[in-house]
Amino acid sequence: MENDTSGKLPNVKINDFEGPLDLLLHLIKQAKMDIYDIQISKITAQYLAYLHINQQLKLDIAGEYLIMAATLMRIKSKLLLPSEPSIDEETTEEDDPRLDLVTQLVEYQKYQEAAQNLQIQETNRQQAYTREEAAVPDGMQLAHLAPGLTIETLKQAFEQVLIKQDQSQPIYRTITDDPVSVTEQIQMIKNSLIQHPQGMTFNSLFTDTISSTKIVVTFMAMLELVKKQQIDFQQSTRLGAIKLFNSGDEANDQ
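Residues numbered from 1 in each chain as written. Predicted model: local features only at pLDDT ≥ 70, side-chain atom pairs only at ≥ 80, totals over all residues. Heavy atoms only, no water.

Across its 16 residues, helix α8 (residues 212-227) extends 23 Å between first and last C-alpha, which sits within 8% of the 22 Å expected from 1.5 Å per residue. Among the residues making up α8, those that are buried are Ile215, Val217, Thr218, Phe219, Ala221, Met222, Leu225 and Val226. Backbone geometry just after α8 places glutamine 229 at a positive phi near 60°. (Helix = DSSP H or I, 4+ residues; strand = E, 2+ residues; numbered from the N terminus. Expected span 1.5 Å × (residues − 1). Buried < 20%, exposed > 50% of the residue type's maximum accessible area, 1.4 Å probe, protein only.)

Laid out in C-alpha coordinates, this is it:
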(Lines give C-alpha, C1' and ligand atoms only; values in the text may rest on other atoms or scores of the structure.)
Protein backbone atom coordinates (compact mmCIF):
# COMPACT_ATOMS: atom_id res chain seq x y z
CA MET A 1 0.00 0.00 0.00
CA GLU A 2 1.02 3.58 -0.60
CA ASN A 3 2.15 5.74 2.25
CA ASP A 4 -0.41 8.54 2.76
CA THR A 5 1.91 10.91 4.57
CA SER A 6 2.56 14.23 2.96
CA GLY A 7 6.18 14.51 4.01
CA LYS A 8 8.12 17.72 4.53
CA LEU A 9 7.07 20.56 2.26
CA PRO A 10 9.64 23.05 0.96
CA ASN A 11 8.95 26.77 1.14
CA VAL A 12 7.60 27.29 -2.39
CA LYS A 13 4.46 28.94 -3.69
CA ILE A 14 2.13 27.88 -6.48
CA ASN A 15 3.08 30.94 -8.50
CA ASP A 16 6.65 29.61 -8.62
CA PHE A 17 5.41 26.98 -11.12
CA GLU A 18 4.20 27.31 -14.70
CA GLY A 19 1.23 25.03 -14.16
CA PRO A 20 -0.06 21.92 -12.37
CA LEU A 21 2.14 19.56 -14.42
CA ASP A 22 5.20 21.62 -13.49
CA LEU A 23 4.24 21.36 -9.81
CA LEU A 24 3.64 17.62 -10.05
CA LEU A 25 7.01 17.02 -11.71
CA HIS A 26 8.65 18.99 -8.90
CA LEU A 27 6.92 16.86 -6.25
CA ILE A 28 7.83 13.61 -8.03
CA LYS A 29 11.49 14.58 -8.37
CA GLN A 30 11.61 15.78 -4.76
CA ALA A 31 10.19 12.46 -3.55
CA LYS A 32 12.60 10.58 -5.88
CA MET A 33 9.71 8.60 -7.38
CA ASP A 34 9.66 6.76 -10.68
CA ILE A 35 7.53 8.86 -13.02
CA TYR A 36 6.07 5.63 -14.43
CA ASP A 37 5.10 4.39 -10.95
CA ILE A 38 3.75 7.42 -9.11
CA GLN A 39 2.72 6.98 -5.48
CA ILE A 40 -0.62 8.71 -5.95
CA SER A 41 -1.58 8.91 -2.26
CA LYS A 42 1.64 10.65 -1.27
CA ILE A 43 1.67 12.97 -4.27
CA THR A 44 -1.99 13.84 -3.85
CA ALA A 45 -1.45 14.69 -0.16
CA GLN A 46 1.52 16.95 -0.99
CA TYR A 47 -0.29 18.57 -3.92
CA LEU A 48 -3.34 19.41 -1.77
CA ALA A 49 -1.02 20.72 0.93
CA TYR A 50 0.47 23.18 -1.56
CA LEU A 51 -3.01 24.39 -2.49
CA HIS A 52 -3.91 24.71 1.18
CA ILE A 53 -0.79 26.80 1.89
CA ASN A 54 -1.63 29.17 -0.96
CA GLN A 55 -5.19 29.51 0.28
CA GLN A 56 -3.88 30.43 3.74
CA LEU A 57 -1.65 33.07 2.10
CA LYS A 58 -4.77 34.31 0.28
CA LEU A 59 -3.11 33.82 -3.12
CA ASP A 60 -5.20 33.24 -6.20
CA ILE A 61 -5.18 29.62 -7.37
CA ALA A 62 -5.83 29.09 -11.08
CA GLY A 63 -8.65 26.75 -12.03
CA GLU A 64 -6.24 24.36 -13.75
CA TYR A 65 -4.63 23.59 -10.37
CA LEU A 66 -8.02 22.73 -8.92
CA ILE A 67 -8.84 20.53 -11.92
CA MET A 68 -5.57 18.64 -11.40
CA ALA A 69 -6.44 18.23 -7.70
CA ALA A 70 -9.77 16.66 -8.70
CA THR A 71 -7.97 14.40 -11.18
CA LEU A 72 -5.54 13.20 -8.50
CA MET A 73 -8.42 12.51 -6.10
CA ARG A 74 -10.24 10.54 -8.78
CA ILE A 75 -7.13 8.45 -9.56
CA LYS A 76 -6.54 7.88 -5.85
CA SER A 77 -10.11 6.68 -5.31
CA LYS A 78 -9.86 4.28 -8.25
CA LEU A 79 -6.64 2.81 -6.88
CA LEU A 80 -8.25 2.28 -3.48
CA LEU A 81 -11.10 0.28 -4.99
CA PRO A 82 -10.51 -3.48 -5.14
CA SER A 83 -9.54 -4.51 -8.64
CA GLU A 84 -11.17 -7.41 -10.43
CA PRO A 85 -8.85 -10.37 -11.08
CA SER A 86 -7.60 -10.40 -14.66
CA ILE A 87 -5.74 -13.13 -16.53
CA ASP A 88 -4.49 -10.74 -19.21
CA GLU A 89 -1.54 -8.78 -17.78
CA GLU A 90 -1.61 -6.22 -20.65
CA THR A 91 -5.23 -5.38 -19.92
CA THR A 92 -4.31 -4.69 -16.28
CA GLU A 93 -1.62 -2.19 -17.34
CA GLU A 94 -4.01 -0.43 -19.72
CA ASP A 95 -6.58 -0.12 -16.92
CA ASP A 96 -4.09 1.68 -14.65
CA PRO A 97 -5.87 4.98 -13.82
CA ARG A 98 -2.49 6.72 -13.64
CA LEU A 99 -1.67 6.03 -17.31
CA ASP A 100 -3.08 9.25 -18.82
CA LEU A 101 -1.44 11.38 -16.14
CA VAL A 102 1.92 9.67 -16.65
CA THR A 103 1.70 10.24 -20.41
CA GLN A 104 1.03 13.95 -19.87
CA LEU A 105 3.91 14.25 -17.41
CA VAL A 106 6.38 12.48 -19.72
CA GLU A 107 5.44 14.72 -22.67
CA TYR A 108 5.62 17.85 -20.53
CA GLN A 109 9.03 16.79 -19.23
CA LYS A 110 10.30 16.42 -22.82
CA TYR A 111 9.20 19.95 -23.71
CA GLN A 112 10.66 21.26 -20.46
CA GLU A 113 14.05 19.67 -21.20
CA ALA A 114 13.98 20.96 -24.79
CA ALA A 115 13.26 24.49 -23.52
CA GLN A 116 16.13 24.24 -21.05
CA ASN A 117 18.51 23.11 -23.83
CA LEU A 118 17.45 26.04 -26.02
CA GLN A 119 18.00 28.41 -23.11
CA ILE A 120 21.50 27.01 -22.59
CA GLN A 121 22.28 27.43 -26.29
CA GLU A 122 20.99 31.00 -26.19
CA THR A 123 23.18 31.77 -23.18
CA ASN A 124 26.22 30.27 -24.91
CA ARG A 125 25.48 32.23 -28.10
CA GLN A 126 25.28 35.48 -26.15
CA GLN A 127 28.80 34.84 -24.89
CA ALA A 128 30.13 34.60 -28.45
CA TYR A 129 31.08 37.61 -30.53
CA THR A 130 31.01 37.74 -34.31
CA ARG A 131 34.16 39.19 -35.79
CA GLU A 132 33.68 42.14 -38.07
CA GLU A 133 34.34 41.69 -41.75
CA ALA A 134 38.07 41.81 -42.35
CA ALA A 135 39.79 43.46 -45.27
CA VAL A 136 41.32 41.28 -47.96
CA PRO A 137 44.99 40.67 -47.08
CA ASP A 138 47.56 42.32 -49.34
CA GLY A 139 48.92 40.05 -52.02
CA MET A 140 46.04 37.59 -51.85
CA GLN A 141 45.10 36.17 -55.25
CA LEU A 142 41.53 37.20 -56.08
CA ALA A 143 39.13 35.83 -58.64
CA HIS A 144 39.86 37.04 -62.17
CA LEU A 145 36.80 38.96 -63.33
CA ALA A 146 36.30 41.04 -66.43
CA PRO A 147 36.06 44.82 -65.95
CA GLY A 148 32.60 45.84 -64.74
CA LEU A 149 31.77 42.37 -63.37
CA THR A 150 31.75 42.14 -59.56
CA ILE A 151 31.47 39.43 -56.95
CA GLU A 152 28.10 40.92 -56.01
CA THR A 153 26.88 40.34 -59.58
CA LEU A 154 27.91 36.68 -59.38
CA LYS A 155 26.22 36.37 -56.00
CA GLN A 156 22.96 37.74 -57.40
CA ALA A 157 23.14 35.39 -60.39
CA PHE A 158 23.70 32.44 -58.06
CA GLU A 159 20.77 33.45 -55.85
CA GLN A 160 18.51 33.61 -58.91
CA VAL A 161 19.52 30.04 -59.84
CA LEU A 162 18.62 28.85 -56.33
CA ILE A 163 15.24 30.61 -56.45
CA LYS A 164 14.44 29.18 -59.87
CA GLN A 165 15.41 25.67 -58.73
CA ASP A 166 13.29 25.94 -55.58
CA GLN A 167 10.25 27.16 -57.52
CA SER A 168 10.55 24.29 -59.97
CA GLN A 169 10.35 21.66 -57.22
CA PRO A 170 7.00 20.08 -56.24
CA ILE A 171 5.49 21.07 -52.90
CA TYR A 172 5.86 17.51 -51.59
CA ARG A 173 9.03 15.69 -52.50
CA THR A 174 11.35 13.00 -51.15
CA ILE A 175 14.72 14.30 -49.98
CA THR A 176 17.51 12.01 -51.18
CA ASP A 177 21.27 12.16 -50.88
CA ASP A 178 22.94 13.56 -54.00
CA PRO A 179 26.68 13.07 -53.42
CA VAL A 180 28.81 15.18 -55.73
CA SER A 181 32.28 16.63 -55.25
CA VAL A 182 33.85 19.91 -56.30
CA THR A 183 36.46 17.93 -58.25
CA GLU A 184 33.74 16.20 -60.27
CA GLN A 185 32.04 19.48 -61.09
CA ILE A 186 35.35 21.11 -62.07
CA GLN A 187 35.85 18.36 -64.62
CA MET A 188 32.25 18.74 -65.81
CA ILE A 189 32.77 22.47 -66.42
CA LYS A 190 36.04 21.86 -68.26
CA ASN A 191 34.41 19.25 -70.51
CA SER A 192 31.48 21.56 -71.22
CA LEU A 193 33.78 24.41 -72.23
CA ILE A 194 35.72 22.09 -74.53
CA GLN A 195 32.45 21.31 -76.29
CA HIS A 196 31.55 25.03 -76.39
CA PRO A 197 34.76 26.92 -77.30
CA GLN A 198 32.71 30.09 -77.92
CA GLY A 199 31.79 30.14 -74.23
CA MET A 200 28.76 29.17 -72.15
CA THR A 201 26.24 31.16 -70.19
CA PHE A 202 26.36 30.97 -66.41
CA ASN A 203 22.80 29.59 -66.17
CA SER A 204 23.39 26.85 -68.77
CA LEU A 205 25.50 24.89 -66.29
CA PHE A 206 22.51 24.55 -63.99
CA THR A 207 19.80 23.38 -66.40
CA ASP A 208 20.23 19.71 -65.48
CA THR A 209 20.76 20.31 -61.77
CA ILE A 210 18.22 18.47 -59.61
CA SER A 211 19.30 19.45 -56.14
CA SER A 212 20.40 22.52 -54.19
CA THR A 213 23.51 20.60 -53.12
CA LYS A 214 24.63 20.17 -56.71
CA ILE A 215 23.96 23.83 -57.46
CA VAL A 216 26.17 24.94 -54.56
CA VAL A 217 28.97 22.50 -55.45
CA THR A 218 28.88 23.58 -59.12
CA PHE A 219 29.18 27.23 -58.11
CA MET A 220 32.10 26.39 -55.83
CA ALA A 221 33.77 24.57 -58.74
CA MET A 222 33.35 27.70 -60.89
CA LEU A 223 34.98 29.90 -58.26
CA GLU A 224 37.84 27.43 -57.87
CA LEU A 225 38.51 27.49 -61.62
CA VAL A 226 38.39 31.31 -61.66
CA LYS A 227 40.77 31.46 -58.71
CA LYS A 228 43.22 29.26 -60.60
CA GLN A 229 42.70 31.53 -63.66
CA GLN A 230 41.58 28.57 -65.76
CA ILE A 231 38.29 30.19 -66.72
CA ASP A 232 37.03 33.78 -67.05
CA PHE A 233 33.64 35.37 -66.43
CA GLN A 234 32.38 38.07 -68.78
CA GLN A 235 29.26 40.23 -68.98
CA SER A 236 28.95 42.26 -72.19
CA THR A 237 26.23 44.57 -70.86
CA ARG A 238 25.29 45.64 -67.34
CA LEU A 239 22.22 43.40 -67.16
CA GLY A 240 23.33 40.93 -69.80
CA ALA A 241 23.99 37.22 -69.40
CA ILE A 242 27.17 36.20 -67.61
CA LYS A 243 29.34 33.95 -69.79
CA LEU A 244 32.21 31.58 -69.02
CA PHE A 245 35.27 31.07 -71.22
CA ASN A 246 38.42 29.08 -70.98
CA SER A 247 41.21 31.53 -70.11
CA GLY A 248 43.11 32.62 -73.20
CA ASP A 249 40.41 31.61 -75.71
CA GLU A 250 40.06 33.92 -78.67
CA ALA A 251 36.35 34.25 -77.94
CA ASN A 252 37.30 35.61 -74.57
CA ASP A 253 38.82 38.70 -76.21
CA GLN A 254 35.78 39.52 -78.29
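Here the narrative resumes.
Turning next to the sheet that holds strand β3 (residues 242-246). Pairing is antiparallel across the open sheet formed by three strands, whose spatial order is β1-β3-β2. At either margin of the open sheet sits one strand with a lone partner, and together these are β1 (200-201) and β2 (231-235). The sheet contact formed by β1 and β3 spans two bridges and is antiparallel. Bridge pairing in β3 links threonine 201 to lysine 243. Against the sheet, helix α7 (residues 182-195) touches β1, β2 and β3, its axis set at about 90° to β3. (Pairing = 2+ DSSP bridges. Contact = heavy atoms within 4.5 Å. Axes fitted to C-alpha atoms, helices over the stretch in contact; angles between N-to-C directions.)

Before going further, it helps to spend a moment on the pattern of salt bridges. By the definition in use, this model includes four salt bridges. When the shortest N-O distance is used, the salt bridge between aspartate 96 and arginine 98 registers 2.9 Å. A relative accessible area of 14% means that arginine 98 is categorised as buried. What emerges from the salt-bridge pattern is a single network uniting Asp37, Asp96 and Arg98. (Salt bridge = Lys/Arg side-chain N within 4 Å of Asp/Glu carboxyl O.)

Before going further, it helps to examine the packing of aromatic side chains. A full pass over the atoms with the stated rule returns one aromatic pair. Arranged with centres 6.2 Å apart and planes meeting at 80°, the rings of phenylalanine 202 and phenylalanine 219 form a pair that is edge-to-face. Residue phenylalanine 202 is located in the loop between β1 and α8, and its partner phenylalanine 219 is located in helix α8; the two are separated by 17 residues in the primary sequence. Pair check on accessibility: phenylalanine 202 and phenylalanine 219 agree, each one buried. (Phe/Tyr/Trp six-rings, centres within 6.5 Å; stacked < 30°, edge-to-face > 60°.)

Right, let's talk about the packing of helix α1 (residues 20-30) against helix α3 (residues 63-80) for a bit. The relative placement of two packed helices is expressed as an angle between their axes plus a distance between the axes. One can describe the packing of α1 onto α3 by two numbers: an axis separation of 9 Å at closest approach and a directional angle of 55°. Here α1 lies oblique to α3, going by the angle between them. Only Glu64, Tyr65, Met68 and Leu72 of α3 make contact with α1, whose side of the interface consists of Pro20, Leu21, Leu23 and Leu24. (Parallel < 35°, antiparallel > 145°, perpendicular 65-115°, else oblique.)

With that out of the way, let us pick up the nonpolar core. Formed by 24 residues in total, the largest nonpolar core has its most connected members in Leu24, Ile38, Tyr47, Leu101 and Leu105. Element by element, the count of residues in this core is highest for α1, at six residues. Discounting chain neighbours no more than four positions away, the residues touching leucine 105 are Leu21, Leu24, Leu25, Ile28, Ile35 and Ile38. Ala157, Val161, Ile189 and Phe202 belong to the second-largest nonpolar core, a separate cluster that totals 21 residues. (Core = buried A, V, L, I, M, F, W, Y, C linked by side-chain atoms within 4.5 Å.)

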